[in-house]
Amino acid sequence: MKKTTGLSVAAALMAMLPPGVRSGAWAAGSDAPEKPRLSVGFIPLTDCASVVMASVKGFDRKYGLTITPSKEASWAAVRDKLVNGELDASHVLYGLIYGVQLGIGGPKKDMAVLATINHNGQAITLSKQLKDKGVSDGASLARLVKVEPRQYTFAQTFPTGTHAMWLYYWLAAHGIDPFRDVRNIVVPPPQMVANMRVGNMDGFCVGEPWGARAIRDNIGFTAVTTQDIWKDHPEKVLGTTADFVEKYPNTARAMVAAILDASKYIDDMRNRSEVAKVIAAKSYVNTDFDSIEDRMLGRYDNGNGRKWADPNHMKFFNGGQVGFPYLSDGMWFLTQHKRWGLLKAHPDYLAVAKKVNRIDVYKQAAAMTKTPLPESGMRTSKLIDGVVWDGRNPKAYADSFKIKA
C-alpha cells in the first residue's frame, strides 16, 4: 500500500509539470513510454525522411524511444505488417489507413492517424513516347487519348492511397475517365521507373524521387506536380492501429513528438542537403543524391523544357501546419473512395475521421514540442479544377463530380 501511494503521489506531481519538463523526467514518471523500442516502417521515398532522421539524429531518444526504421517492399506489405503487429507504426499513405478502417483495399481493422508527415512533393510522370507525340500536360493527353484510341496504362501505388487519388483526380479534371478511358495498375514506388523503361505504362503517379529519377534516366517527364493539383495537400501520415494507441498511449505521444522534432529539422533548408545525403543511402531510398536533393530544395526541371523554383515543394513542418491531422483531410479521401466506387454507400464522414485521426494524441505531442496548433480541425482548399473542399458537406461533394464510378 505504501508503494502504491508513493507511485500515485509521484504521478500526481508529474502531471503538474509542463509537458516539456515531464519529457525530461520520464525515467521516474508515469509518462514513460510503455514500449521504448519501436519498429517503424517506411517505403523508399523522399517523404520517409522524418522517420529516418528521427532515428539517425536521435530525436527519438530525447523522448525515451529507440526507433528502428524498417524498409518495406510495397504498401500492401506495410498494410499487412501494421494489421498483424509486425510493425508498431509506419510512414504510410493517408488513404491506405482509411481504407483499412472501412475494410476496402485490405482487411478491416480500426486504425489511427497520429500525424501528417508531409505536404506536397509527388508528381505524375508521362512517358517519353507520349512526349514524342506532342503530349505536355493533361489537356494534350486528353486530346491524344481521344484521337488515337488504344489501351493507355497508368500506374499508381495502392488502390485507396494518395497516388491513386491524385492520378484519378487529375485525369478526370481533364475529361479522362480513369477507369473507362484508360487502364490502371498498381506498382510499388521503387519499381515505377523500371516498369516505364520497359514500356509497361504510359504514366505513373508516385512520390519523389522517382519522378525526378525518370527524367534523369530520360524515360519520362513531369506532367504535373501534386502541389499543382492541390497546394499543401495531405500526403503520408504516421499511421498505426487503434489497438497500439490504446495499449501504448505514452509511446504513441512520444513517437509523434520525435517525428515533429525531425520534421522541424528537415524543414530548415540549411539541413536539406544533409538529409538528402542520408536518405539516398542503400539502406533507405537507394538512389542517387541529386535525384533527391534538387526537388527537396524546390529546384524543379520537368524534363520537357521548363525549370522553376517551386515555393510549394515538399514540406514536413511548415510552421506546424503540416503535422496536424485535419479531420477534413481524412474526410476528403473518403469522398474520393466513394466517388470511384471503392465505397458503395456514403459513410458517416465526420464520425470516421474523428475516430481515426487522433487529434488528442497529436495535441499532447504538440505541447511537448512547442508546435503551434490550428484554430480548427477543418481547413479549406481549392483543387486544380477550381472546386473548393472544406469538409462541410462531404456527401454533396462526393456526388457532385461529373466523372465518377
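Above: the structure in question.
Below, the structure is looked at part by part. These figures come from a predicted structure and were not determined experimentally.

1. Points about helix H17 (residues 327-339)
Then step 1. The terminal C-alpha atoms of H17, which comprises 13 residues, lie 19 Å apart, in line with the 18 Å expected from a rise of 1.5 Å per residue.
Then step 2. Within H17, 13 of the 13 residues are buried, leaving the element largely enclosed by the surrounding structure.
Then step 3. Remark: Gly-341 follows H17 within two positions and exhibits a positive phi of approximately 80°.

2. Points about empty space enclosed by the protein
Then step 1. In this structure the tally under the stated criterion is one cavity of 30 Å³ or more.
Then step 2. Considered as a void within the structure, the largest cavity measures approximately 40 Å³ in volume.
Then step 3. Taken together, Thr-46, Gly-121, Glu-208, Ile-292, Arg-295, Met-296, Tyr-300 and Met-314 make up the full set of residues lining the largest cavity.
Then step 4. No other element matches the three residues that helix H16 (residues 289-296) contributes to the lining of the largest cavity.
Then step 5. Here the lining of the largest cavity is composed, by residue class, of four nonpolar, two polar and two charged.

3. Overview of the sheet that holds strand S9 (residues 220-225)
Then step 1. Read across the sheet, five strands follow the order S7-S6-S8-S5-S9 without closing on themselves; strand pairing throughout is mixed. The open sheet terminates on both sides in strands that have one partner only, identified here as strand S7 (183-186) and S9. Each strand axis lies, on average, 25° off the axis of its neighbour in the sheet, ignoring direction.
Then step 2. With two bridges connecting them, strand S6 (residues 153-156) and strand S8 (residues 203-207) associate as parallel partners. Residue pairing in the sheet places Ala-155 in a bridge with Phe-204 of S8.

4. Here's the deal with the layout of surface pockets
Picture a little ball the size of a water molecule; that probe, rolled over the atoms, points out where space is still empty.
Then step 1. There is about 160 Å³ of room inside the largest pocket.
Then step 2. In terms of lining residues, the largest pocket is bounded by 13 residues, among which Gly-85, Asp-88, Thr-241, Phe-244 and Tyr-248 are the most central.
Then step 3. Listed by contribution, the elements that provide at least two residues to the lining of the largest pocket are helix H5 (75-83), strand S10 (236-241) and helix H13 (242-247).
Then step 4. Among the elements that make up the lining of the largest pocket, the one with the highest residue count is H13 (three residues).
Then step 5. Each residue belonging to the lining of the largest pocket can be placed in one class, and the counts come to five nonpolar, three polar and five charged.

5. Structural notes on the nonpolar core
Then step 1. Counting 126 residues, the largest nonpolar core has Leu-126, Leu-141, Met-255 and Trp-332 as its most contacted members.
Then step 2. In this structure, Met-255 is in contact with Leu-38, Val-40, Leu-65, Ile-67, Ala-89, Leu-114, Leu-238 and Phe-244, ignoring residues within four places of it in sequence.

6. Some thoughts on the sheet that holds strand S1 (residues 37-42)
Then step 1. Reading across from one edge, S2-S1-S3-S10-S4 is the order of the five strands in this open sheet, with mixed pairing throughout. Every other strand in the sheet has two partners, leaving strand S2 (66-71) and strand S4 (111-116) as the edge strands with one partner each. Across the sheet, the axes of successive neighbouring strands diverge by a mean angle of 30°, strand direction being ignored.
Then step 2. Contacts from helix H3 (residues 49-56) reach S1, S2 and strand S3 (89-93) within the one sheet, and its direction differs from that of S2 by about 140°.

The rules behind these values
- Residues numbered from 1 in each chain as written.
- Predicted model: local features only at pLDDT ≥ 70, side-chain atom pairs only at ≥ 80, totals over all residues.
- Heavy atoms only, no water.
- Helix = DSSP H or I, 4+ residues; strand = E, 2+ residues; numbered from the N terminus.
- Expected span 1.5 Å × (residues − 1).
- Buried < 20%, exposed > 50% of the residue type's maximum accessible area, 1.4 Å probe, protein only.
- 1 Å grid on protein atoms, 1.4 Å probe; cavity = no way out; pocket = protein on both sides within 12 Å on 5 of 7 lines; lining within 4 Å.
- Points joined across faces, edges and corners; volume = space filled by probe spheres on them.
- Nonpolar A, V, L, I, M, F, W, Y, C, P; charged D, E, K, R; others polar.
- Pairing = 2+ DSSP bridges.
- Axes fitted to C-alpha atoms, helices over the stretch in contact; angles between N-to-C directions.
- Core = buried A, V, L, I, M, F, W, Y, C linked by side-chain atoms within 4.5 Å.
- Contact = heavy atoms within 4.5 Å.

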